[in-house]
Every structure is written in structure tokens, then in C-alpha cells.
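Listed below are the residues making up each chain.
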Amino acid sequence: DVKVTQSSRYLVKRTGEKVFLECVQDMDHENMFWYRQDPGLGLRLIYFSYDVKMKEKGDIPEGYSVSREKKERFSLILESASTNQTSMYLCATMAYGYTFGSGTRLTVV
Amino acid sequence: AQTVTQSQPEMSVQEAETVTLSCTYDTSESDYYLFWYKQPPSRQMILVIRQEAYKQQNATENRFSVNFQKAAKSFSLKISDSQLGDAAMYFCAPGAQKLVFGQGTRLTINP
């Protein structure tokens, strides 16, 4: 089975901090995605990548950036965290459907 | 832009009974898949069932089945013989390579 690992399950950061959310997959999947999940809004796509060094903006990229230096790792970066970025963040890889990581609940105070 | 609507924010069903969760969507893609995912309190998103849009036959996975109406852009999920472990948030998600998710339906199972 494909395994998608998100490095932190819970994270608390201060406003203005630079935050890195890491996602690693153990299969050779090219497609990786970052979503945020908020009550009543479902999952919204932040960024995605179809290959190493490649990135594409999703529906809500403002305030975020990504890095994909290696195929297995896709990092989400909050350059200057704000309270409205408090959310659940989900990473996924795609092959005949998504396989998700277990999520990171980020609180920005 | 693709949109997905799950019109039932919450549903409840008695254990062992059948429940249907609705989903409608809009897409400009000609070739795509449709998925239902469940998210129990553990937060792990789990694939429930997958449907290829080009297939007319509705997908079935044990107690889970779909009613896919391509022309109407409708993709409902039927859960038969509901079990306590089915309690979760359910998300409908159509797409080709990128999936678009609905707002979710919270399903409660009453013992």
C-alpha cells in the first residue's frame, strides 16, 4: 500500500512565523497535492505538483508556497503565518484515486 | 470551474438500515473519475468507492454502491445494512487528475 506521511499531527505556531509542513510518499507517484480542510467548506486545493521541480497553483494559493526538490517529498510553506491559516492541512498523492496523509492540524496564535 | 454540491450537511440512520447520500457536480472535463471518501473521527481520509465516468455500470463495493447519472451530473452513495463503523464525514469528489471536493455530509448511525 502507498503510504503518505505528514511529519506533524498537531502544530502550534505564532503569527508571522515561517511554517513548513512536510509530506513524504513511499511510492513513485508523480502527482502530489496540498489541501486545507475547514468546516462547511470541504477540502480546498492549495497547490499541486505533477513532477519534481514543478508546481501549480490551486484554488487558494495566497499566503502559501511549495517546494518539490525530490519526487517523494512535497512541502507546503507558510511564509508568514496568519490566524486565518489555522486549519487542517491534508497532503495526498494520486494514482487511481487519492491516498491521503493523516493530516496536520495547524493552529496559528 | 468544477463545483460539487452535497446538499445534506447531516444525515442519520438506524443501524442495519439503508441510507443514501447525494452529490451533484459540474465539470467541463470529458474523461474523469468520481470518488466517495469517508473521514472518521481519526481524521484519516479513506477511499470508499470509485466510478469511471465512461462506464455506465454503477460501481459496487460490498455494502456501498453508487447511482451515477452522467447526464444529470449526479453521483449518490448508498450504504446498505449501516454499521456503527460507518459513522463519519463523507465527501464526494469528481475529477481527472485534480479532485474537487464537496462540503461533506456528516453521517450518524443510531444503535
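A.B. asks: Go over the overall build of chain B, please, and point to the residues and values.
C.D. replies: Assigned secondary structure in chain B consists of zero helices and 11 strands. The secondary structure elements of chain B, listed N-terminal to C-terminal, are β-β-β-β-β-β-β-β-β-β-β. Over its C-alpha atoms chain B spans a radius of gyration of 13 Å, differing by no more than 12% from the 13 Å that the globule rule assigns to 111 residues. Considering only C-alpha atoms, chain B reaches an extent of 40 × 25 × 20 Å along its principal axes. Every one of the 111 residues in chain B was classed for burial, and the buried ones make up 48%. For chain B, the computed accessible surface area is about 5500 Å², with 45% contributed by carbon and sulfur atoms. Across chain B, 10 positive and 10 negative side-chain charges occur, with their mean positions spaced 5 Å apart.

A.B. asks: Describe the interface of chain B and chain A, listing the residues and the values that go with them.
C.D. replies: On the side of chain A, 25 residues touch chain B, which itself brings 17 residues to the contact. Put simply, chain B and chain A have zero salt bridges between them. Counting the contacts that link chain B with chain A gives nine residue pairs in polar contact (both at pLDDT 80 or more). Tallying contributions element by element places strand 5 (residues 33-39) of chain B first for the side of chain B that touches chain A, with four residues.

A.B. asks: Please provide a residue-by-residue account of the packing of aromatic side chains, values included.
C.D. replies: This model, assessed by the stated rule, comprises 18 aromatic pairs over all chains. Ring centres of Phe48(A) and Tyr50(A) lie 5.0 Å apart, and the angle between their planes is 50 degrees; this geometry places the pair in the tilted category. The class for Phe48(A) is buried, based on a relative accessible area of 5%. Ring geometry for Tyr25(B) versus Tyr32(B): centroids 5.8 Å apart, planes at 70 degrees, classification edge-to-face. Pair check on accessibility: Tyr25(B) and Tyr32(B) agree, each one buried. Site record: aromatic cluster; members linked through ring pairs are Phe33(A), Tyr35(A), Phe48(A), Tyr50(A), Tyr98(A), Phe100(A), Tyr33(B), Phe35(B), Tyr37(B), Phe91(B) and Phe101(B).

A.B. asks: Please give an account of the environment of Lys78(B) that cites residues and values.
C.D. replies: Residue position: Lys78(B) is located in strand 9 (residues 74-79). Put simply, Lys78(B) and Phe64(B) are 14 residues apart on the chain and 5.7 Å apart in space, counted from C-alpha to C-alpha.

A.B. asks: Please provide a residue-by-residue account of the nonpolar core, values included.
C.D. replies: Within the largest apolar cluster, 24 residues are counted, with the highest numbers of intra-cluster contacts made by Trp36(B), Phe75(B), Leu77(B) and Tyr90(B). Among the secondary structure elements, those contributing two or more residues to this core are strand 3 (19-21), strand 5, strand 6 (46-52), strand 8 (64-69), strand 9, strand 10 (88-95) and strand 11 (105-110) of chain B. By size, the runner-up hydrophobic cluster in this structure holds 20 residues, among which are Val19(A), Ile46(A), Ala81(A) and Val108(A).

A.B. asks: Account for unusual backbone geometry, with residues named and values stated.
C.D. replies: With the exception of glycine, the majority of residues adopt a negative phi angle, and the majority of peptide bonds are in the trans configuration. Residue and element names in this part refer to chain B. Here the phi dihedral of Ala-16 falls at roughly 80 degrees; this positive angle occurs in a residue that is not glycine. Take Ala-16: it is sitting in the loop between strand 2 (10-14) and strand 3. Residue class for Ala-16 comes out partly exposed when judged on its relative accessible area of 48%. The backbone of Asn-62 sits at a positive phi, close to 55 degrees, despite the residue not being glycine. Along the polypeptide, Asn-62 turns up in the loop between strand 7 (60-61) and strand 8.

Cut-offs and rules
- Residues numbered from 1 in each chain as written.
- Chains lettered and ligands numbered in written order.
- Predicted model: local features only at pLDDT ≥ 70, side-chain atom pairs only at ≥ 80, totals over all residues.
- Heavy atoms only, no water.
- Helix = DSSP H or I, 4+ residues; strand = E, 2+ residues; numbered from the N terminus.
- Rg over C-alpha atoms; globule rule 2.2 N^0.38 Å.
- Buried < 20%, exposed > 50% of the residue type's maximum accessible area, 1.4 Å probe, protein only.
- Areas by Shrake-Rupley, 256 points an atom, 1.4 Å probe, with all protein chains shown as cover.
- Lys, Arg positive; Asp, Glu negative; His and termini not counted.
- Charge placed at Lys NZ, Arg CZ, Asp CG, Glu CD.
- Contact = heavy atoms within 4.5 Å.
- Salt bridge = Lys/Arg side-chain N within 4 Å of Asp/Glu carboxyl O.
- Polar contact = N/O pair within 3.5 Å; in protein donor to acceptor, adjacent residues only side chain to side chain.
- Phe/Tyr/Trp six-rings, centres within 6.5 Å; stacked < 30°, edge-to-face > 60°.
- Core = buried A, V, L, I, M, F, W, Y, C linked by side-chain atoms within 4.5 Å.

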